[in-house]
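Here is how the chains run, residue by residue.
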Number of protein chains: 2
Amino acid sequence: MPAEADRKRLQRASQSPAPEPQGSTRSAWLTEHLRQALLDGKFPLGSRLNEVHLSHQLDVSRTPVRAALHVLAGEGLLRYHANKGFVVRDLPLSEVVVAYEMRALAEGLAARLAAERGLSDESRRTLEQALAEGDAILSRRLNREVQRAAYANLNESFHSTIHAAAQSDLLNDVVRACQRMPQAAAHNVMAFELADVRERHKAHHQIYLAVLGREGQQAEMLMRAHVLSVKSSIVRSLARRDGST
Amino acid sequence: MPAEADRKRLQRASQSPAPEPQGSTRSAWLTEHLRQALLDGKFPLGSRLNEVHLSHQLDVSRTPVRAALHVLAGEGLLRYHANKGFVVRDLPLSEVVVAYEMRALAEGLAARLAAERGLSDESRRTLEQALAEGDAILSRRLNREVQRAAYANLNESFHSTIHAAAQSDLLNDVVRACQRMPQAAAHNVMAFELADVRERHKAHHQIYLAVLGREGQQAEMLMRAHVLSVKSSIVRSLARRDGST
DNA sequence: AGGCGATCATCTGTATACACTATAGTCATG
DNA sequence: CATGACTATAGTGTATACAGATGATCGCCT
């Protein structure tokens, strides 16, 4: 099939110049691509990922595909069984609950460490900006959809700044592990009531003050409670979805 | 080099029959082998693992070696950088501290879940056996070395039974992630004072009773305190080592 | 002499061919 | 008709060759 070879070369040439500063290597690009697809729910839960199909579909060989799949399995998005390949991890609701309880503990610890270790000027600015933007978004009356997307962004920014301030790779890994569920991607935040979001935004303010004031225990407790409230919302919406399915 | 090919065939033939029911595949075997080597500290911290050397040394091709390394990187034992390969993760003491605090929270959660979900008859038996053996080992006067190894085993058994009873893969992953540090392998328990071990064994008894009695909160608190006491011992011994180096 | 760039060795990244395993379907047999 | 072994096929496991990147060494130019 000489035509296929041509197609490959063309595609490579067209995709290499601009779009991926991140994916210096094909494996890295595939990992990112597949992770996003998994979080977006593009593969059915529990379904098997066929290496040959994927490599044809994405126009690379099996080697980088396998590498990417191994990485994603390491991250917990996939499960691997010898001689049977990779399947999309399907977490029962009970596991989602545990993940959020774990995440509450982990983020609480992160908040405490951030408080103990102090905020850099840059972190402080980022947090303050996230809070201010949140105030603005929630006070104005906007399209629900726009409001939601904007708030999801700064929510992400707020939390990851706290994690960074904790200065622990390990802790970061754990938090990310708890977030990496094919079901509960960040955009699930959408499903919430506006009142819930306002409440949580108030919690962000309190957490910020506790961290800034170096009150470790206070920061830890506030963050735990904050994440647990997110858990309640998620579980509520998942239960609704499961029930209606 | 035809001689080399012969050697390979011979070695494969001699190693396939008996020794590895676990390693159904070369990758799996390599993963296990390398993980053990890393936890045992056989590779210097921060050192780079050369795929070609490893594959020659272990008499396999690079392919399964790479697979194993990817898995271990996913587990956090190695770090991977594009085009630069895998290096043994070197955790500063502060990270070890965080890991143990995280693990205390995670194992606490596991203990609570185990209490809430109840113990199977088999789990109960395993725990009781671990406790009884611990009593025996600690009461008799034995060679320090033997005593230590025996206790390490049943300690492992006790904890992993609790994790299993929690019935959460996710939680298991987190706990294992916190244990997987090139420094702080299980056998570090060796370095401890006998008095510390006795104290911890008493804690095992208390935890068992709390779990058996379905007292979730109590179990969680006891387990947290238990793991934190291990942290103190580990940190003490690591600090001593770092100081003397 | 010192900085700078080309060249080369080394190692990782990828493609591909082949070997092995698992599974489903078929056929024969009780 | 049910059950068992056999075979065919699809898909993963591994080896190997080659391509691309990285880093060091050596020579050149200033």
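Going by the structure above, here's the rest.
The shown structure was predicted, so the numbers you read here are calculated from the model rather than taken from an experiment.

What follows concerns the pattern of salt bridges. Charged atoms that come close allow side chains of opposite charge to pair. Going through the model one piece at a time under the given rule, you end up with 37 salt bridges over all chains. For B:E101, the salt bridge is made with A:R112, and the minimal N-O distance between the two is 2.5 Å. Note that B:E101 is positioned in helix 5 (residues 93-117) and A:R112 in helix 5 (residues 93-117), a pairing that runs across two chains. Residue classification places B:E101 among the buried positions, given a relative accessible area of 16%. The class of A:R112 is buried, set by a relative accessible area of 16%. Between B:R103 and B:E107 there is a salt bridge, with its nearest N and O atoms 2.7 Å apart. With B:R103 and B:E107 both in helix 5, this residue pair falls 4 residues apart, about one helical turn.

All names here are of chain B. Ordered in space as 1-3-2, the 3 strands form an open sheet in which the pairing is antiparallel. What marks the edges here is a single partner per strand, and that holds for strand 1 (48-49) and strand 2 (78-81). Relative to strand 3 (residues 85-88), strand 2 runs antiparallel, the two being bridged by 4 bridges. Looking at the pairing, Y80 lines up with F86 of strand 3.

A:R26, A:S27, A:S61, A:T63 and B:Y80 are the nearest of the 23 residues found near DNA strand C. Per the 4 Å cut-off to the protein, sugar and phosphate atoms form 68% of the nearby atoms of DNA strand C. Within the side chain of A:T25, a nitrogen or oxygen atom sits 2.8 Å from a phosphate oxygen of DNA strand C. The separation between a phosphate oxygen of DNA strand C and a polar side-chain atom of B:Y80 is 2.5 Å. Going through the elements one at a time, helix 1 (2-15), helix 2 (26-39) and helix 4 (62-75) of chain A together with strand 1, helix 3 (51-58) and helix 4 (62-75) of chain B are the ones with two or more residues in the surface near DNA strand C.

Mapping chain B onto chain A is achieved by rotating through 180 degrees and translating by 0.2 Å along the same axis, at an RMSD of 0.4 Å. Taken together, the rotation angle and the small translation identify this as a two-fold axis. If distances are taken from each C-alpha of chain B to the rotation axis, the shortest is found for B:G74, at 2.1 Å. Looking at chain B, 100% of its interface residues are interface residues in chain A too, so the copies touch through the same face.

Below, the discussion takes up the interface of chain B and chain A. At the interface, 30 residues of chain B touch 30 residues of chain A. When the two sides are added together, the surface that chain B and chain A hide from each other amounts to roughly 2500 Å², 62% of it contributed by carbon and sulfur. The tally of links between chain B and chain A comes to 8 salt bridges. The salt bridge involving B:R79 is made with A:D173; its shortest N-O contact spans 3.9 Å. For the side of chain B that touches chain A, the secondary structure elements donating two or more residues are helix 4, helix 5 and helix 8 (169-179) of chain B.

All right, on to the sheet that holds strand 3 (residues 85-88) of chain A then. Spatial ordering of the open sheet is given by 1-3-2 (chain A), a layout of 3 strands whose pairing is antiparallel. Edge positions in the open sheet fall to strand 1 (48-49) and strand 2 (78-81) of chain A, since each of these has one partner strand only.

All names here are of chain B. With 2 bridges connecting them, strand 1 and strand 3 associate as antiparallel partners. From the neighbouring strand, R48 faces strand 3, where its bridge partner is V87. The turn joining strand 2 and strand 3, which pair antiparallel and follow one another in sequence, is formed by 3 residues; a positive phi near 65 degrees is taken by N83.

As a matter of local geometry, DNA strand D sits amid 23 residues, with A:Y80, B:R26, B:S27, B:S61 and B:T63 nearest to it. Each atom of DNA strand D within 4 Å of the protein was classed as base or backbone; sugar and phosphate made up 71%. Contacts to DNA strand D include B:T25, whose side-chain N or O atom sits 2.8 Å from a phosphate oxygen. Within the contact set of DNA strand D, a phosphate oxygen lies 2.6 Å away from a side-chain nitrogen or oxygen of B:S61.

Residue and element names in this part refer to chain A. All chains considered together, the criterion is met by 2 aromatic pairs over all chains. With a centroid separation of 4.9 Å and 45 degrees between ring planes, the pair formed by Y80 and F86 is classed as tilted. When its relative accessible area of 35% is taken as the criterion, Y80 is described as partly exposed.

Residue and element names in this part refer to chain B. With 23 residues, helix 7 (residues 144-166) extends 33 Å from end C-alpha to end C-alpha; this agrees with the ideal 33 Å at 1.5 Å per step. Restricting attention to buried positions, one finds in helix 7 the residues Q147, R148, Y151, L154, N155, F158, H159, T161, I162, H163, A165 and A166. Where helix 7 begins, one side-chain oxygen reaches toward the backbone nitrogen of E145, 2.6 Å away; that side chain belongs to N143. Just downstream of helix 7 lies Q167, where phi reads positive at about 55 degrees.

What counts and how
Residues numbered from 1 in each chain as written. Chains lettered and ligands numbered in written order. Predicted model: local features only at pLDDT ≥ 70, side-chain atom pairs only at ≥ 80, totals over all residues. Heavy atoms only, no water. Salt bridge = Lys/Arg side-chain N within 4 Å of Asp/Glu carboxyl O. Helix = DSSP H or I, 4+ residues; strand = E, 2+ residues; numbered from the N terminus. Buried < 20%, exposed > 50% of the residue type's maximum accessible area, 1.4 Å probe, protein only. Pairing = 2+ DSSP bridges. Near = heavy atom within 4 Å. Polar contact = N/O pair within 3.5 Å; in protein donor to acceptor, adjacent residues only side chain to side chain. Least-squares fit on C-alpha atoms with pLDDT ≥ 70 in both. Contact = heavy atoms within 4.5 Å. Buried area = accessible area lost by both parts, 1.4 Å probe. Phe/Tyr/Trp six-rings, centres within 6.5 Å; stacked < 30°, edge-to-face > 60°. Expected span 1.5 Å × (residues − 1).

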